[in-house]
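Now for the letters of each chain:
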Amino acid sequence: MLRKGQVKNVRHTGALMVRLASRYHSDVAPFAGMTPTDFYDKLKRIPYNRDPTATEFLQRPYFTLCGNRPGGDCDDKAIVAGAWSICNGYPFRYVAMGRYKDKPLHHVATDICMNGQWVHFDPTYSDQVFNKYLFRPERSMVIGAWNG
């Protein structure tokens, strides 16, 4: 767990997310054979749990998928999606986004390159749809990536 002051900036958060997905991608190995849409549906059914106030909590995929209290927020689910991508050899990138140009970036999702096309993979909430944005971002930035 990291206090907000320990995370230097949004790019640092992205680098930590890539590190967790890479280091612990074997946590997702039992699900690697699932189709992208089946894995997406599984991940969006996992409860959304907001980080505690003044804390940026980034967890390894195991804890999001099947820990004592499974679930996580957008960055935790993005880490799981990145780990699944690594297991399947798909390049991915983490994209931080914001609803308004003059406000801080407040959401992160994973884009996965499958068959030469970038697919938006954001299973943060149970009602989201595969390859559809939660909202139309006015601002976005790639904060981390894995290319194999």
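Quantities reported herein were computed from a predicted structural model and do not represent experimental measurements.

(A) Geometry of helix H1 (residues 10-23). The end-to-end C-alpha separation of H1 is 20 Å, in line with the 20 Å expected for 14 residues at 1.5 Å each. Listed in full, the buried residues belonging to H1 are Thr-13, Gly-14, Leu-16, Met-17, Val-18, Leu-20 and Ala-21. Regarding H1, its N-cap is Asn-9, as a side-chain oxygen of that residue lies 3.0 Å from the backbone nitrogen of Arg-11 further along.

(B) Broad picture of the packing of aromatic side chains. The full count for this structure, using the stated rule, is twelve aromatic pairs. Seen from their ring centres, Phe-92 and Trp-146 are 6.2 Å apart, and the 20° between their planes marks the pair as stacked. Remark: Trp-146 occurs in strand E6 (residues 139-146) and Phe-92 occurs in strand E3 (residues 92-98); sequence separation between them is 54 residues. On the basis of relative accessibility, which here comes to 0%, the residue Phe-92 falls in the buried class.

(C) Local environment of the sheet that holds E3. Read across the sheet, four strands follow the order E5-E4-E3-E6 without closing on themselves; strand pairing throughout is antiparallel. The open sheet terminates on both sides in strands that have one partner only, identified here as strand E5 (117-121) and E6. Shown here is a sheet whose adjacent strand axes are inclined to one another by a mean of 30°, direction ignored. As paired strands, E3 and E6 are joined by seven bridges and run antiparallel to one another. Bridge pairing links Val-95 to Val-142 in E6.

(D) Inspection of helix H4 (residues 74-88) at higher detail. The end-to-end C-alpha distance of H4, which contains 15 residues, comes to 21 Å, matching closely the 21 Å that a straight helix rising 1.5 Å per residue would cover. In terms of burial, H4 is largely enclosed, as 13 of its 15 residues are buried. Count one or two residues on from H4 and you reach Gly-89, which has phi positive near 75°.

(E) Here's a closer look at the layout of surface pockets. Considered as a void within the structure, the largest pocket measures approximately 640 Å³ in volume. In this structure, the largest pocket is lined by 30 residues; those nearest its centre are Glu-56, Asp-75, Leu-105, His-106 and His-107. Only H1, strand E2 (55-56), H4, E3 and strand E4 (107-114) provide two or more residues apiece to the lining of the largest pocket. Here the lining of the largest pocket takes three residues from H1, the largest share from any one element. Looking at the lining of the largest pocket, its residues break down into 16 nonpolar, seven polar and seven charged. There is about 240 Å³ of room inside the second largest pocket. Surrounding the second largest pocket, 13 residues form its lining, Asn-49, Phe-57, Gln-59, Arg-69 and Gly-71 being those nearest its centre. Here the residues of the lining of the second largest pocket sort into three nonpolar, six polar and four charged.

Reading guide: rules and limits
- Residues numbered from 1 in each chain as written.
- Predicted model: local features only at pLDDT ≥ 70, side-chain atom pairs only at ≥ 80, totals over all residues.
- Heavy atoms only, no water.
- Helix = DSSP H or I, 4+ residues; strand = E, 2+ residues; numbered from the N terminus.
- Expected span 1.5 Å × (residues − 1).
- Buried < 20%, exposed > 50% of the residue type's maximum accessible area, 1.4 Å probe, protein only.
- Polar contact = N/O pair within 3.5 Å; in protein donor to acceptor, adjacent residues only side chain to side chain.
- Phe/Tyr/Trp six-rings, centres within 6.5 Å; stacked < 30°, edge-to-face > 60°.
- Pairing = 2+ DSSP bridges.
- Axes fitted to C-alpha atoms, helices over the stretch in contact; angles between N-to-C directions.
- 1 Å grid on protein atoms, 1.4 Å probe; cavity = no way out; pocket = protein on both sides within 12 Å on 5 of 7 lines; lining within 4 Å.
- Points joined across faces, edges and corners; volume = space filled by probe spheres on them.
- Nonpolar A, V, L, I, M, F, W, Y, C, P; charged D, E, K, R; others polar.

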